[in-house]
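# Tertiary structure, described
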Amino acid sequence: MTSWSQGQVPRGRYAPSPTGRLHLGNARTALLAWLDVRSRGGRLVLRIEDNDFTRARPELEARIYRDLTWLGLDWDEGPDVGGAFGPYRQSERADVYAAALARLDSYVCTCTRAELRALPTMGATGEAVYPGTCRHGATQPGRPAAIRWRVPAGEVEFVDRVLGPYRQAVAAEVGDFVLRRADAAWAYQLAVVADDAAMQIDTVLRGADLLDSTPRQILLQRALGLPTPEYAHVPLILGPGGAKLSKRDGAPDLSALREAGAAPEPLVAALARSVGLVGPQVRAIRAQELVAGFELAATRTPAPLVLDGLM
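Quick look at the structure, then. (Residues numbered from 1 in each chain as written. Predicted model: local features only at pLDDT ≥ 70, side-chain atom pairs only at ≥ 80, totals over all residues. Heavy atoms only, no water.)

### Topic: helix H9 (residues 264-273)
One turn of an α-helix holds 3.6 residues; hence residues three or four places apart share an orientation. Applied cut-off: Each residue's exposure class comes from its accessible area (1.4 Å probe, protein chains only) as a fraction of the maximum for that residue type: buried when under 20%, exposed when over 50%, partly exposed otherwise. Segments assigned H or I by DSSP are reported as helices when at least four residues long, segments assigned E as strands when at least two residues long, and all are numbered from the N terminus.
Counting buried positions along H9 yields nine of 10 residues, so the element is predominantly enclosed. Turning to H9, its buried residues number three or more, namely Pro264, Pro266, Leu267, Val268, Ala269, Ala270, Leu271, Ala272 and Arg273.

Right under this line is the structure:
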């Protein structure tokens, strides 16, 4: 396994999908990713993950730029500012993914989503383990075909910067997974691996709901001879009842707050309080004021997000 050169300036990324408005969970992850990079003197890449061409919208991408800027966050490279490792939209990087796919032992799969949902074996991701139905040839040659990777046996183990040691036997707990969907869209797992390597990302901070994806990505990195970044999976944001914050809780999205004339400082303070970056007495603060002394390890188990005083 290759590694990044020692002494490289830390490079992190925030990689939203323009398929909906940024919610408060997106905002806190963006804030923590930005703080983690800025506190270490690194560079932040804004990558737009618009591979889902059925749902991605240019107007939603434009909202992402406005909302993050309103929150007080900036980035060093991205679709709007350029950079040495572009393009920074996944929709413009198909040749990178095709080159990676050509180096992997893959096969076509004509299983439908309905057939996969009917499988009885549940794996680490909460979904059915793919049993290799099409490993020796497509079972329904006339159907649109996805492309799956023949996952090698063995266990993947890594140490998450937030959650600690994690291990998964991908072949047994997930099975051969999709690299390109039947509708020709590139799968998340392959795209982020190729992009993180090409953009020299050495630290990935994202939500804990993506923890189960990491062993698959590490396996792909090993197969392709690519460096493995350090991973940090931050807890999901909690609502007033202590459960994952959802639209049912009535939480406004970033655009709604911005367009209603809210100041960003109370929201930054609420997000910071929810992970123990500031005490309960802090009711308004700029993102830049949190950079000095920030340590990811100091963030504690999140408390419910309290949104009073935002307007």
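### What about the packing of helix H6 (residues 188-198) against helix H7 (residues 214-224)?
Angle between the axes and distance between the axes: these two values describe a pair of packed helices. Inclusion rule: Between N-to-C directions, angles span 0 to 180 degrees; the directions come from axes that are lines fitted to C-alpha atoms, helices contributing only their stretch in contact. Put simply, angles under 35 degrees are roughly parallel, angles over 145 are roughly antiparallel, angles from 65 to 115 are roughly perpendicular, and the rest are oblique. Handedness of a crossing is defined here by the sense of rotation of the near helix relative to the far one, left-handed for an anticlockwise turn of less than a right angle and right-handed for a clockwise turn. Any two residues whose heavy atoms approach within 4.5 Å at even a single point are treated as in contact. In this classification, the charged set is Asp, Glu, Lys and Arg, the nonpolar set is Ala, Val, Leu, Ile, Met, Phe, Trp, Tyr, Cys and Pro, and all remaining amino acids, among them Gly, are polar.
Relative to each other, H6 and H7 sit at 55 degrees, their axes nearing to 9 Å. In terms of orientation, H6 lies oblique with respect to H7. Pair H6 / H7 crosses with right-handed handedness. The segment H6 lies against H7, with Tyr188, Gln189, Leu190, Val192 and Val193 engaging Arg216, Gln217, Leu220, Gln221 and Leu224. Across the contact of H6 with H7, the residue classes break down as six nonpolar, three polar and one charged.

### A word on the pattern of salt bridges
Quick reminder of the rule: Salt-bridge detection follows one rule: a side-chain nitrogen of Lys or Arg within 4 Å of a carboxyl oxygen of Asp or Glu.
Taken as a whole and assessed by the stated rule, the structure comprises 26 salt bridges. A salt bridge links aspartate 52 to arginine 55; its shortest N-O distance comes to 3.7 Å. Aspartate 176 is the partner of arginine 135 in a salt bridge, and the nearest nitrogen-oxygen pair spans 2.6 Å. With arginine 135 in the loop between helix H4 (113-117) and strand S4 (146-149) and aspartate 176 in the loop between helix H5 (170-173) and strand S7 (178-180), the pair connects residues that are 41 residues apart, well separated along the chain. Given the relative accessible area of 6%, aspartate 176 is considered buried.

### Thoughts on the environment of arginine 161
Under the convention used in this document: In the analysis that follows, any N or O atom pair within 3.5 Å is treated as a polar contact, provided that within protein one partner can donate a hydrogen and the other can accept it, and provided that, for residues neighboring in sequence, both atoms belong to side chains.
Summarising the element assignment, arginine 161 is placed in the loop between strand S5 (156-160) and strand S6 (164-168). Taking the C-alpha atoms as reference points, arginine 161 and phenylalanine 53, separated by 108 residues in sequence, lie 33 Å from one another. In this view, arginine 161 contacts Asp36, Arg40, Thr203, Glu230, Tyr231, Ala232 and Leu296; residues no more than four positions away in its chain are not counted. Of note is the side chain of arginine 161, whose polar atom sits 2.9 Å from the side chain of aspartate 36.

### Some words on the pairing of strand S3 (residues 106-109)
Selection criterion: Any two strands are treated as partners once DSSP identifies two or more bridges connecting them.
Burial of the side chains of S3 is restricted to one face: Tyr107 and Cys109 are buried, whereas none of Ser106 and Val108 on the reverse face is. When S3 meets S4, the two strands line up antiparallel, connected through four bridges. Across the sheet, tyrosine 107 pairs through a bridge with arginine 148, a residue of S4.

### Brief notes about the pairing of strand S9 (residues 230-234)
To be explicit about the condition: With the strands aimed away from the viewer, a crossover counts as right-handed if its path from the first strand over the helix to the second runs clockwise.
Summarising burial for S9: four of the five residues are buried, a large majority. Of the pairings in the sheet, the one linking strand S8 (residues 203-207) to S9 comprises five bridges and is parallel in character. Across the sheet, threonine 203 pairs through a bridge with glutamate 230, a residue of S9. In this view, the connection linking S8 to its parallel neighbour S9 by way of H7 has right-handed handedness.

### Overview of the packing of aromatic side chains
For any pair of aromatic rings, the description rests on two quantities: the centre-to-centre distance and the angle between the ring planes. So the rule is basically this: Centres within 6.5 Å are what make two rings of Phe, Tyr or Trp a pair, Trp counting through its six-membered ring; a difference in plane orientation under 30 degrees is then read as stacked, over 60 as edge-to-face, and the rest as tilted. Remark: a charge is flagged as sitting over a ring if the NZ atom of Lys or the CZ atom of Arg is within 6 Å of the ring centre and within 35 degrees of the ring normal.
One pass over the full model with this rule turns up five aromatic pairs. Ring geometry for phenylalanine 158 against tyrosine 231: centres 6.1 Å apart, planes inclined by 65 degrees, an arrangement best described as edge-to-face. Residue phenylalanine 158 is found in strand S5, and its partner tyrosine 231 is found in strand S9; the two are separated by 73 residues along the sequence. When sorted by exposure, phenylalanine 158 lands in the same class as tyrosine 231, which is buried. Among the aromatic residues, those joined into a ring-pair cluster are Phe158, Tyr166 and Tyr231. Here arginine 180 stacks its cationic end above the ring of tryptophan 186, 4.2 Å away from the centre of that ring.

### Considerations on the nonpolar core
In plain terms, the rule: Residues belong to a common nonpolar core when they are buried Ala, Val, Leu, Ile, Met, Phe, Trp, Tyr or Cys residues joined through side-chain atoms within 4.5 Å.
If you look at the biggest cluster of nonpolar residues, it comprises 46 residues, and the most contacted ones within it are Leu24, Leu31, Leu68, Leu71, Leu73, Leu267 and Leu290. With nine residues, the top contributor of residues to this core is helix H1 (residues 24-38). Ignoring any residue separated from it by four or fewer positions in sequence, one finds leucine 31 in contact with Leu73, Val268, Leu271, Ala287 and Leu290. Formed by 32 residues, the second largest nonpolar core is a distinct cluster that contains Leu101, Val151, Leu190 and Leu226.

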